[in-house]
Amino acid sequence: MDLLPLITSFLLVFIAELGDKTQITVITLCSKWSRKTVFIGAMLAFLIVDGLSVLIGETLAAFLPFFWIQVVSGTIFMLSGIFTLFSKEVEEEKKTYSCQFTLLSAFALVSLMELGDKTQIMVIALAAQYNMPVPVFVGVMLAFTLITVIGVAIGEILLKKIPQKHMQTITAAIFIIFGILLLLRCFL
């Protein structure tokens, strides 16, 4: 078995995702919700979005215009930030959200971050270049697993070092900034 597609996919995606908006999203979600549920939601998003990218290659971009992906993503991030900023009791909030809500929210936010992202385009290109979808997919998922574990760990460390009230403000600010940047990129 030729391991070059797997190794190349792993290294390229891992390097591309370090400090990327998707990893920062995972970190901020972990400061707000269950780390285990955020991890599962993020991995499901990567599995579906990048799995589809591997399977259907360049066709995916034709069905999902980048402009609208950015508009929807930016709006959702801004609304999430505003909601987080004006939430009252952070500790109560963390306890009252159901596992399903947290999972769905993490899945939706990570999916939106990945759609049209440089990593998705890279996955499409790797799948087209190597014409070996299984090794490319395995390499991509291994990279996303490692990046997500790192993001969850960073989120947990930040939560221990930064008071929850401040973490809520930081999380809200990050979401709002991402939303503004995504919308600016659409219209500029």
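Residues numbered from 1 in each chain as written. Predicted model: local features only at pLDDT ≥ 70, side-chain atom pairs only at ≥ 80, totals over all residues. Heavy atoms only, no water.

Student: Any chance you could break down the packing of aromatic side chains for me, citing the residues and the numbers?
Tutor: Tallied over the full model, the rule gives 3 aromatic pairs. The interplanar angle of 15° and the centroid separation of 5.9 Å between the aromatic rings of Phe-10 and Phe-14 together place this pair among those described as stacked. Pair noted here: Phe-10 and Phe-14 are both in helix α1 (residues 4-17), with a separation of 4 residues, about one helical turn. Residue Phe-14 is classed as buried on the basis of its relative accessible area, which comes to 17%. Note on Phe-46 and Phe-144: the rings are 3.9 Å apart at their centroids and 10° apart in plane angle, and the pair reads as stacked. In this pair, Phe-46 sits in helix α3 (residues 35-56) while Phe-144 sits in helix α9 (residues 133-161), placing the two residues 98 residues apart along the sequence. (Phe/Tyr/Trp six-rings, centres within 6.5 Å; stacked < 30°, edge-to-face > 60°. Helix = DSSP H or I, 4+ residues; strand = E, 2+ residues; numbered from the N terminus. Buried < 20%, exposed > 50% of the residue type's maximum accessible area, 1.4 Å probe, protein only.)

Student: Outline the environment of Leu-85, listing residues and values.
Tutor: Position of Leu-85 relative to the elements: it lies in helix α5 (residues 66-85). Separated by 85 residues in the primary sequence, Leu-85 and Ile-170 have C-alpha atoms spaced 8.8 Å apart. With sequence-adjacent residues up to four places away left out, Leu-85 is seen in contact with Gln-168, Thr-169, Ala-172 and Ile-176. (Contact = heavy atoms within 4.5 Å.)

Student: Break down the environment of Leu-12 for me, with residues and values.
Tutor: Structurally, the position occupied by Leu-12 is in helix α1. Setting aside residues no more than four positions away along its own chain, Leu-12 makes contact with Met-122 and Leu-126.

Student: Outline the confidence of the model for the chain, listing residues and values.
Tutor: Here the chain shows a mean pLDDT of 81. Residues at 70 or above account for 87%. pLDDT under 50 marks residues 89-95. Its contacts with residues more than four places away, or in other chains, come to 9 contacts. (pLDDT = per-residue confidence, 0-100.)

Student: Which residues make up a nonpolar patch on the surface, and what values go with them?
Tutor: Together, Met-1, Leu-3, Ile-7, Leu-11 and Ile-15 line one region of the surface with nonpolar side chains, adding up to about 550 Å² of accessible area. Structurally, the position occupied by Ile-15 is in helix α1. By relative accessible area, which is 57% here, Ile-15 ends up exposed. (Patch = residues over 30% accessible without salt bridge, like charges linked within 9 Å, V, L, I, M, F, W, Y side chains within 5 Å. Areas by Shrake-Rupley, 256 points an atom, 1.4 Å probe, with all protein chains shown as cover. Salt bridge = Lys/Arg side-chain N within 4 Å of Asp/Glu carboxyl O.)

Student: Tell me about the nonpolar core, and name the residues and values.
Tutor: Counting residues in each nonpolar core, the largest one holds 27 residues, and the members touching the most others are Val-26, Leu-29, Val-38 and Phe-46. Elements with a contribution of two residues or more to this core: α1, α2 (21-30), α3, α7 (99-114), α8 (118-130) and α9. Looking at which element gives the most residues to this core, the answer is α9, with 7 residues. With sequence-adjacent residues up to four places away left out, Val-26 is seen in contact with Val-38, Ala-42, Val-110, Thr-148, Gly-151 and Val-152. (Core = buried A, V, L, I, M, F, W, Y, C linked by side-chain atoms within 4.5 Å.)

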